[in-house]
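# Summary of the model geometry
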Amino acid sequence: MAKKEPTRLHHLDAIRVSAILLLIPYHGARFLQKGSSDSRLVDGWIWFLHSWHLPLFFAISGFLAASALGRSTPTSQAKARLKRLGVPLAVGMVTILPLTNVVLAVSATLRGKAGAGHKFALDKIFELHPHHLWFIDYLLVLSLIAVAVWVVAKRIPNFTGMIADRLGWIIASPVSAFPLAFVGATVLITKNGWETGGQQAASLIPEPTSLMYYALFFGAGWLLSRREAFLAELQKGWWFRLGLAAVVAIPFFALFYDSSLFTGPTGWSGSLVDQSNLRFLGLFCFGLLGWSVVLGIWGFLASRVHAPSPALRYLSDASFWIYLIHIPFLAGSQTGFAAIGWPAEIRYPLTIIVTLALSVASYAIFVRRTPIGTFLHGPRPKAPRTAAKKQAPAPVTG
């Protein structure tokens, strides 16, 4: 008997699109942050997005990885992860990253900052730092670890299943952000700083603390895939989670802001994060905001998006490519608008629009119906035939 195809959860498309559409404003703000237009408003926007938009990527990736593993074998999934993540990472390191470095070098030269980091030198253009591709690197490692854990869990299903179900109910609970933030703070307290930024883009070897922190979100998504009841429960408390995030975001930023470790050159001296005995509280607040937004957005979209949307499906398919290619478009357009002399308030939204348009256009032209698209998405189903093939008449007997 053929396996029944799983029902497509359309809200997952909405989550992927939401995450990728916020990645461009985030990186666009980082470009502003490195320039003369840096402000606490920009820092606050970056801090808010940083607390949850990458965790949302990891959470949805964990959910999809668990769903895929449930339809195949661990060996085939390990091979699939190496193919779908390892190959784009390797190819991107020798194509997209050199292109990005050239664009950044041009940008730095035009802004008179060539000596600050990007130069026209082969060791800079073809360096081995993953830059924004570090997410694929971390996701590949977490996916392979998850497959290994799955193999072990299959040997003791009753015990591990009971633990997984209890953890799933905890994550789906409206107040789950509090214990999850505590666990996250316990992980992050082992490294310097008060958040996860800093070292991921510098090496292909994952930074252990950051990997463990993002593994919490990947694992949460994995556990939510176990039962439909978890998603149903998640939908009930979305308003509480997003409400909590709205209430705590500004006070947390004001109390625990420290620009020297993550944001730009501005900052508030004497902030509470400077007190070492309060750093755990700062990490807890950072995690509380992140978990509240991640699970709140997930619950909200799961409760609202039930029907298929061609536009949403298209952008969801394009999201991985947009992630891969958007930095060169972003840096180029940002530099061009800055050279014209337009203020940050104008060039920031224009940069986002132009980057998204060019990224989607490049997907439509170079990826969607090409071997690259087949590699990224798998073979596309053929369109149904308009007329059924006529059957041959049955032979006359008697």
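First things first, this report covers the structure right here in the doc. (Residues numbered from 1 in each chain as written. Predicted model: local features only at pLDDT ≥ 70, side-chain atom pairs only at ≥ 80, totals over all residues. Heavy atoms only, no water.)

## Overview of the side chain of Arg 241
Inclusion rule: Counting from the N terminus, the helices are the DSSP runs of H or I reaching at least four residues and the strands are the DSSP runs of E reaching at least two. Under the scheme applied here, a residue whose accessible area is under 20% of the maximum for its type counts as buried, over 50% as exposed, and between as partly exposed, the area being computed with a 1.4 Å probe on protein chains only. Charged residues are defined narrowly, with Lys and Arg counted positive, Asp and Glu counted negative, and His plus the chain ends left uncounted. By convention in these notes, a salt bridge is any Lys or Arg side-chain nitrogen within 4 Å of a carboxyl oxygen on Asp or Glu. Polar contact is the term for a pair of N or O atoms within 3.5 Å; when the atoms are in protein, one must be able to donate a hydrogen and the other to accept it, and sequence-neighboring residues count only if both atoms are side-chain atoms. The contact criterion used throughout is that any non-hydrogen atoms of two residues lie within 4.5 Å.
Among the secondary structure elements, Arg 241 is positioned in helix 12 (residues 238-256). No salt bridge is formed by the buried Arg 241. Its closest oppositely charged neighbour is Glu 233, at 7.1 Å. Here the side chain of Arg 241 touches Ser 173 through a polar contact of 2.5 Å, landing on its backbone oxygen. Aside from chain neighbours lying at most four places away, what touches Arg 241 is Ile 171, Ala 172, Ser 173, Pro 174, Ser 176, Leu 234, Ser 292, Leu 295 and Gly 296.

## Re helix 14 (residues 310-340)
Defined as follows: In this analysis, the expected span of each helix is defined as 1.5 Å times one less than the number of residues it contains. Across the chain, bend at a residue is computed as the angle between axes fitted to the seven residues ending at that point and the seven starting from it.
Taking 1.5 Å per residue as the helical rise, helix 14 with its 31 residues ought to reach 45 Å, whereas the 37 Å between its terminal C-alpha atoms falls clearly short. Of all the bends in helix 14, the largest measures some 50° and sits at Ile 325, one to four residues before the proline Pro 328. Count one or two residues on from helix 14 and you reach Gly 341, which has phi positive near 100°.

## A few points about the packing of helix 9 (residues 177-188) against helix 13 (residues 279-304)
The cut-off we apply is this: To obtain each axis, a line is fitted to C-alpha atoms, and for helices this fit is confined to the stretch in contact; angles are then taken between N-to-C directions over 0 to 180 degrees. Angular relationships are summarised with four words: roughly parallel below 35 degrees, roughly antiparallel beyond 145, roughly perpendicular across 65 to 115, and oblique for the angles in between. By convention, the crossing between two helices is left-handed when the near helix turns anticlockwise from the far helix through less than a right angle, and right-handed when the turn is clockwise. Gly is placed with the polar residues, together with every amino acid not listed as nonpolar (Ala, Val, Leu, Ile, Met, Phe, Trp, Tyr, Cys and Pro) or charged (Asp, Glu, Lys and Arg).
Where helix 9 meets helix 13, the axes come as close as 7 Å, and the angle between the chain directions of the two elements is 130°. Comparing the axis directions of helix 9 and helix 13 gives the class oblique. Crossing hand, helix 9 versus helix 13: right-handed. Contacts between helix 9 and helix 13 involve Ala 177, Phe 178, Leu 180, Ala 181, Phe 182, Ala 185, Thr 186 and Leu 188 on the former and, on the latter, Arg 279, Phe 280, Leu 283, Phe 284, Gly 287, Leu 288, Trp 291, Ser 292 and Leu 295. The class makeup of the residues in the contact of helix 9 with helix 13 is 13 nonpolar, 3 polar and 1 charged.

## Digging into the packing of aromatic side chains
Using the following cut-off: Note on ring pairs: Phe, Tyr and Trp rings are taken, using the six-membered ring of Trp, and paired if centres are within 6.5 Å. Classes follow the plane angle, with under 30 degrees stacked, over 60 edge-to-face and the rest tilted.
Scanning the model with the defined rule gives 23 aromatic pairs in all. Where Phe 58 meets Phe 135, the ring centres are 4.9 Å apart and the plane angle is 65°; that geometry is what we call edge-to-face. Note that Phe 58 is positioned in helix 3 (residues 53-69) and Phe 135 in helix 7 (residues 134-155), a separation of 77 residues in sequence. For Phe 135, a relative accessible area of 7% translates into the label buried. Ring plane angle 75° and centroid distance 5.6 Å describe the contact between Phe 135 and Tyr 323, whose orientation is recorded as edge-to-face. Remark: Tyr 323 occurs in helix 14 and Phe 135 occurs in helix 7; sequence separation between them is 188 residues. There is no split in this pair, since Phe 135 and Tyr 323 are both buried. In this structure an aromatic cluster arises from ring pairing among Phe 57, Phe 58, Trp 134, Phe 135, Tyr 138, Tyr 213, Tyr 214, Phe 217, Trp 291, Phe 320 and Tyr 323.

Read these as layout, nothing more, since geometry by itself doesn't imply function.
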